[in-house]
Amino acid sequence: MRQRSRLRIMQATVELVDLHGYARTTLGDIAERAGLARGLLTYYFDSKRLLMQAATHRMMHQKLSAALAELPEGAGPEARLARAIDAVLALALDHPRVMRSHLALILDPDVGAFVKDPEQRTLGGILQGLLGDWGSADPVAEHAVLRSALMGGVIGLLLPGAAVSLPPIRADLFYRYGLAWELGRPPVPEAPPRTQPPTRV
């Protein structure tokens, strides 16, 4: 029962932030949508910020798991990593308010440190497993690099007034990991992959 209540709270959070944004979504709104007493929200989550973080991480690992489950049995590690990258980038386009709010909160030093909640650990475990299968000698360290690269890609897609289109962001990420453009779900099949190394400064 406790787990179901927690999941309902996180789902309601994502739905409301999708509709109204983080600032206009109150804990009372979330409780009402989840069909629970507001006191339960503070019982499960210490703050609205931590609830938002957990809800976003849950959405991300659910999307990743669903995307990976769609692959044919025996899909190789490159195909699985490519699908994971595509899944995260798709979230930025499908849920821009949620992803913008999530990034704003975790990058703002005034709202508190990043917390590794259970949802984040699940997400990290999936990505580390993919990186280990791909051939990383240190999946934990490589996960930190991939996480940063994905965050940068999401920021590039969502930056107001200076957003970059999906193909070049995807091409850069695929190049980093030696993934063929045709893997995953190419957004524009005719767009060429990056063929030259990125310029190092």
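What counts, and where the lines are drawn
- Residues numbered from 1 in each chain as written.
- Predicted model: local features only at pLDDT ≥ 70, side-chain atom pairs only at ≥ 80, totals over all residues.
- Heavy atoms only, no water.
- Helix = DSSP H or I, 4+ residues; strand = E, 2+ residues; numbered from the N terminus.
- Rg over C-alpha atoms; globule rule 2.2 N^0.38 Å.
- Contact = heavy atoms within 4.5 Å.
- Areas by Shrake-Rupley, 256 points an atom, 1.4 Å probe, with all protein chains shown as cover.
- Core = buried A, V, L, I, M, F, W, Y, C linked by side-chain atoms within 4.5 Å.
- Buried < 20%, exposed > 50% of the residue type's maximum accessible area, 1.4 Å probe, protein only.
- Phe/Tyr/Trp six-rings, centres within 6.5 Å; stacked < 30°, edge-to-face > 60°.
- Lys NZ or Arg CZ within 6 Å of the ring centre and 35° of its normal.
- Salt bridge = Lys/Arg side-chain N within 4 Å of Asp/Glu carboxyl O.
- pLDDT = per-residue confidence, 0-100.
- Axes fitted to C-alpha atoms, helices over the stretch in contact; angles between N-to-C directions.
- Parallel < 35°, antiparallel > 145°, perpendicular 65-115°, else oblique.
- Left-handed = near helix turned anticlockwise from the far one by under 90°.
- Nonpolar A, V, L, I, M, F, W, Y, C, P; charged D, E, K, R; others polar.

Draft legend 1. Structural view of the overall build of the chain. Looking only at helices and strands, the chain features nine helices and zero strands. For the chain, the N- to C-terminal ordering of α and β elements is α-α-α-α-α-α-α-α-α. Here the C-alpha radius of gyration of the chain, 18 Å, is about what a compact globule of 201 residues would show, namely 17 Å. Summarising the internal contacts of the chain: among those between residues at least 6 apart in sequence, 65% fall at separations of at least 24. Total accessible area computed for the chain in this model is approximately 10,600 Å², and 55% of it derives from carbon and sulfur atoms.

Draft legend 2. Structural context of the nonpolar core. Membership of the largest hydrophobic core comes to 55 residues, with the highest contact counts inside it found for I9, I30, L51, L64, L81, I85 and L146. Residues contacting I85, with those up to four places away along its chain left out, are L146, L150, L173, F174, Y177 and L179.

Draft legend 3. Broad picture of the packing of aromatic side chains. Counted by the stated rule, this structure contains two aromatic pairs. Here the aromatic rings of Y43 and Y44 are separated by 5.0 Å at their centres, their planes lie at 75°, and the arrangement is edge-to-face. Overall, the relative accessible area of 57% leaves Y43 in the exposed class. K48 extends its terminal NZ or CZ atom over the ring of Y22, reaching a point 4.1 Å from the ring centre.

Draft legend 4. Inspection of the pattern of salt bridges at higher detail. Counting across every chain of the model gives six salt bridges. Linked by salt bridges that have partners in common, E70, R83 and R185 make up one network.

Draft legend 5. Broad picture of the confidence of the model for the chain. Model confidence for the chain is summarised by a mean pLDDT of 89, while 91% of its residues fall at 70 or above. Taken element by element, the chain is modelled with least confidence in helix α3 (residues 38-44), mean pLDDT 86, and with most confidence in helix α5 (residues 77-94), mean pLDDT 96. Here residues 195-201 scores under 50 on pLDDT; set against residues more than four positions off or in separate chains, the count is four contacts.

Draft legend 6. Geometry of the side chain of S136. For S136, the location among the structural elements is in the loop between α7 (118-134) and α8 (139-158). With sequence-adjacent residues up to four places away left out, S136 is seen in contact with L131 and E142.

Draft legend 7. Summary view of the packing of helix α6 (residues 96-107) against α8. One way to put it is that α6 packs onto α8 with a least axis distance of 11 Å and a crossing angle of 125°. As far as their axial angle goes, α8 and α6 are oblique. Judged by the twist between their axes, the crossing of α6 over α8 is left-handed. Residue-level contacts link P96, M99, R100, L103, I106 and L107 of α6 to M151, V154, I155 and L158 of α8. Class assignment for the residues of the contact of α6 with α8 results in nine nonpolar, no polar and one charged.

Draft legend 8. Seen up close, the packing of helix α4 (residues 48-69) against α7. α7 packs onto α4 with a crossing angle of 35° between their chain directions and a minimal axis gap of 8 Å. Crossing hand, α4 versus α7: left-handed. Each of A54, H57, R58, M60, H61, L64, S65 and L68 in α4 lies in contact with α7, whose residues at this interface are E119, Q120, T122, L123, I126, L127 and L130. When the residues that make up the contact of α4 with α7 are grouped by side-chain class, the tally is eight nonpolar, five polar and two charged.

Draft legend 9. Expanded view of the environment of L7. Locating L7 in the fold gives a position in helix α1 (residues 2-20). We classify L7 as partly exposed; its relative accessible area is 25%. Considered as a pair, L7 and R58 are 51 residues apart in the sequence and their alpha carbons are 8.9 Å apart.

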